[in-house]
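Per-entry structural report
One-letter residues, chain by chain:
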Amino acid sequence: MGDTLEFNEIYQEVKGSWNDGRLRLSKQSVVYKSSKTGKVDNIPAPEISSANWRRVCLGHGIKLSTSTGHIYKYDGFKETDFEKISAFFKANYKVELTEKDLCVKGWNWGTAKFSGPQLSFEVGDNPAFEIPLNNVSQCATGKNEVTLEFHQNDDAEVSLMEVRFYVPPNTGDDGSDPVEAFAQNILSKADVIQATGDAVCIFKELQCLTPRGRYDIRIYPSFLHLHGKTFDYKIPYTTVLRLFLLPHKDQRQMFFVISLDPPIKQGQTRYHFLILLFTKDEDLSLTLNMNEDEVEKRFEGKLSKNMSGPLYEIVSRVMKALVNRKITVPGNFQGHSGSQCITCAYKASSGLLYPLERGFIYVHKPPVYLRFEEISCVNFARGTTTTRSFDFEIETKQNNQYIFSNIEREEYGKLFDFVNAKKLNIKNRGIKESMKGTDGYSDSDEDKHDAYLERMKEEGKIREEADGSDESEGDSDESFNPGEEEDEVPEEFDSNASESESEGEDGDSEDESKKKKPEKKPKKVVKEKKERKPRKEKKVKDAGAPKRPMSAYMLWLNGNRERIKSEYPGISVTEISKKAGEMWKQLGKDRKEEWDKKAEEAKRQYEKAMKEYKESGGGASAVPKEKKKKGGKVEAKKSGGEKEKKKEGGNESFKSKEFISSEESSSESDHDRGSKRKASDDDDDDEEEVASTPPSSEAESGSD
């Protein structure tokens, strides 16, 4: 058998709520660490007096009693764990692990036994239920009745409010009242705060950020009392988890943070952190309300009767001695400006993020403390509003996400090195150098996989296949340009020169009036045509052609879509894509290579099928053919597959501005027609030439 035994997913009941954690049995001690709060129970091996193995609602559990009067209960063991745990206890702790059954008869008449810090209600020799007396908030007596009220836990779905015990009206041997004796036994161990006696010391008018206001803090031996103008709070030292002393970024103020579990309450508001703000230049001389012998005996040199110094040092020193916990301060992290914190925003409120040796803490609204051991991964993301900042995202193992935004870009290198040194999982590892450079915040997304973009591309391909016949209708909007409507008017008129000679003669009078307008700006028209880029031709979709192969990611997504749906019931389509993208990023290199090979194989099959398809004569129908006009001359294909538009009241089509600028043959053919009309009608020579020549030809003739 090894020196230690370790068990995961072991549960501890805390005021009606089950908190999971890890239990380790070693030769020296029994250690349990809560996954939720990080609180550690350390039970030295010599103090263990008895151990019971019981069947409970979460499988099997262990109940440990110590010589100091404490009781610890841990549930979640398997039945097969009994033998090895029993042998370990017998070999290392010299304690026999005995089996103890609970009474499940449902009787409500039995014997109440007080055993250390708990009340056990037994039916026969078996306990029916046990009440930890430190959960009792109040005890009231009546005629033959004792009523217990309990502290409430916000994390518990169902809370026990009170329990009433009926005490038979018989007098004890000493003539005492059994009801009062029962109540006194409960109150002696209950967590009932009574402000009796004098305070050890009082701090006047301290500035408190959460809960907001100025409070007098009275320090009692077992609790501290916050007395404000409107509210009072009593905080037992047993509810204090951690103490933090954090310097402000301005180097003139200090934060003193007290982490609480359970939190203090004000209506429906819960304060898990008590945050005090001090100025460094504020000094205090304090005298404890105790004599020197009592101070030495109680605090063992941690405090003295008379103390003086900065106010924040005095408060933190007193709290450390009374709570008996270490004070956490920032480690060796230094930001771009030399401070030990980073300015950022969380939930639209600006604050400070402190990277500590074992976690992150954000102050102050709302305060957040995240331990490294509960962090699943971190992510560096671009700022949503400007490229001069970035976001720092933290995801916990409980699938909670915390986004600290608007962090200055200069802080990135320091924060990345800190996270990397703490060996935290970084989602977008590998883009550190690009972010440090001048172009680190460019708009390119080539370095990261975008599942949503992939899905949009796939849906676009499907729609393109389905709507291939309607592609010309989609081009009508692209050719619309409101800024060039004036230039279209003369060209639309000039395009009518390709109509019959009779129509040209009828419009001679109008041509003469418009003759000067294109002649005034010949250079401008030519310049615009040179700058205009020819529109790309839209390929005609061939329905019979082989389908393009999918990428490695899309192949993986199609193969794992149903598994994602089953693991996350009720997930939407967009959430599936987002989750799939995250899973693809975390996929191992070997797994990705497997899908890459499948994608390459699909690509080879596609190329082979496409080659066979073309050799068999496929794809010829997809090439747009040249159309013939009524006059027998060939018309060049139009860019983008644009349909010919009919002039109102006419039977012939007109040429668009793009067609005239991109096809030189059209101007030459129109010039030939103009010369033919000149030979037939000598009287109207000038007018015919103007009407039949497009603006480009007029510019050339003008230059001649």
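Residues numbered from 1 in each chain as written. Predicted model: local features only at pLDDT ≥ 70, side-chain atom pairs only at ≥ 80, totals over all residues. Heavy atoms only, no water.

1. Remarks on the pattern of salt bridges
One pass over the structure, following the stated rule, counts 18 salt bridges. A salt bridge links Glu130 to Arg54; the shortest N-O distance between them is 3.4 Å. Of this pair, Glu130 sits in strand β11 (residues 126–132) while Arg54 is found in strand β5 (residues 48–56), placing the two residues 76 residues apart along the sequence. What makes Arg54 buried here is its relative accessible area of 7%. In this structure, Lys84 and Asp81 form a salt bridge, with 3.7 Å as the shortest nitrogen-oxygen distance. A residue pair is termed a helical-turn pair when its members lie 3 or 4 positions apart in one helix, as Lys84 and Asp81 do in helix α1 (residues 81–93) at three residues. Given a relative accessible area of 9%, Asp81 falls into the buried group. (Salt bridge = Lys/Arg side-chain N within 4 Å of Asp/Glu carboxyl O. Helix = DSSP H or I, 4+ residues; strand = E, 2+ residues; numbered from the N terminus. Buried < 20%, exposed > 50% of the residue type's maximum accessible area, 1.4 Å probe, protein only.)

2. Looking at the side chain of His248
Within the secondary structure, His248 is located in the loop between β19 (240–247) and β20 (253–266). A polar side-chain atom of His248 sits 3.1 Å from a polar atom in the side chain of Asp250. Every residue in contact with His248, bar those within four places of it in the chain, is listed here: Gln253, Met254, Phe255, Leu352 and Tyr354. (Polar contact = N/O pair within 3.5 Å; in protein donor to acceptor, adjacent residues only side chain to side chain. Contact = heavy atoms within 4.5 Å.)

3. So, the pairing of strand β3 (residues 29–34)
The two faces of the sheet receive side chains in turn, since in a regular strand these alternate between them. Summarising burial for β3: five of the six residues are buried, a large majority. Relative to β3, strand β2 (residues 17–25) is paired through five bridges, and the arrangement is antiparallel. In the sheet register, Arg22 faces β3, and the bridge partner there is Lys33. Following β2, the chain reverses through three residues before pairing antiparallel with β3. For β3 and strand β4 (residues 40–44), the ladder comprises five bridges, and the chain directions are antiparallel. Paired with Tyr32 across the two strands is Asp41, which belongs to β4. Linking β3 back to β4 in an antiparallel pair, the connection comprises five residues, with Gly38 at a positive phi of about 80°. (Pairing = 2+ DSSP bridges.)

4. Comments concerning the nonpolar core
Most often, soluble globular proteins keep nonpolar side chains buried together rather than apart. In this structure, Phe203, Ile219, Phe256, Val315, Val318 and Met319 are the most contacted members of the largest nonpolar core, which totals 40 residues. Looking at this core element by element, the count peaks at nine residues for helix α4 (residues 311–323). The contacts of Val315, once residues within four sequence positions are left out, are Phe203, Leu206, Phe256, Leu276 and Phe278. Ranked by size, the runner-up nonpolar core spans 26 residues in total, among them Phe380, Tyr402, Phe418 and Ile426. (Core = buried A, V, L, I, M, F, W, Y, C linked by side-chain atoms within 4.5 Å.)

5. Remarks on the pairing of strand β28 (residues 368–371)
The two faces of β28 match: Val368 and Leu370 on one face and Tyr369 and Arg371 on the other face are all buried. The pairing of strand β27 (residues 359–363) with β28 spans four bridges and is antiparallel. Each bridged residue has a counterpart across the sheet, and for Gly359 the counterpart in β28 is Arg371. Linking two consecutive strands that pair antiparallel, namely β27 and β28, is a turn of four residues.

6. Side note on the packing of aromatic side chains
If you walk through the whole model with that rule in mind, you get 32 aromatic pairs. Judged by centre distance (5.5 Å) and plane angle (55°), the rings of Trp556 and Trp584 are tilted. Of this pair, Trp556 sits in helix α14 (residues 552–567) while Trp584 sits in helix α15 (residues 573–586), placing them 28 residues apart in sequence. The buried category is assigned to Trp556, whose relative accessible area is 1%. The rings of Phe333, Phe360, Phe372, Phe380, Phe390, Phe392, Tyr412, Phe416 and Phe418 are connected pair by pair, giving a single aromatic cluster. Above the plane of the ring of Trp107 lies Lys105, whose end atom (NZ or CZ) is 4.5 Å from the centre. (Phe/Tyr/Trp six-rings, centres within 6.5 Å; stacked < 30°, edge-to-face > 60°. Lys NZ or Arg CZ within 6 Å of the ring centre and 35° of its normal.)

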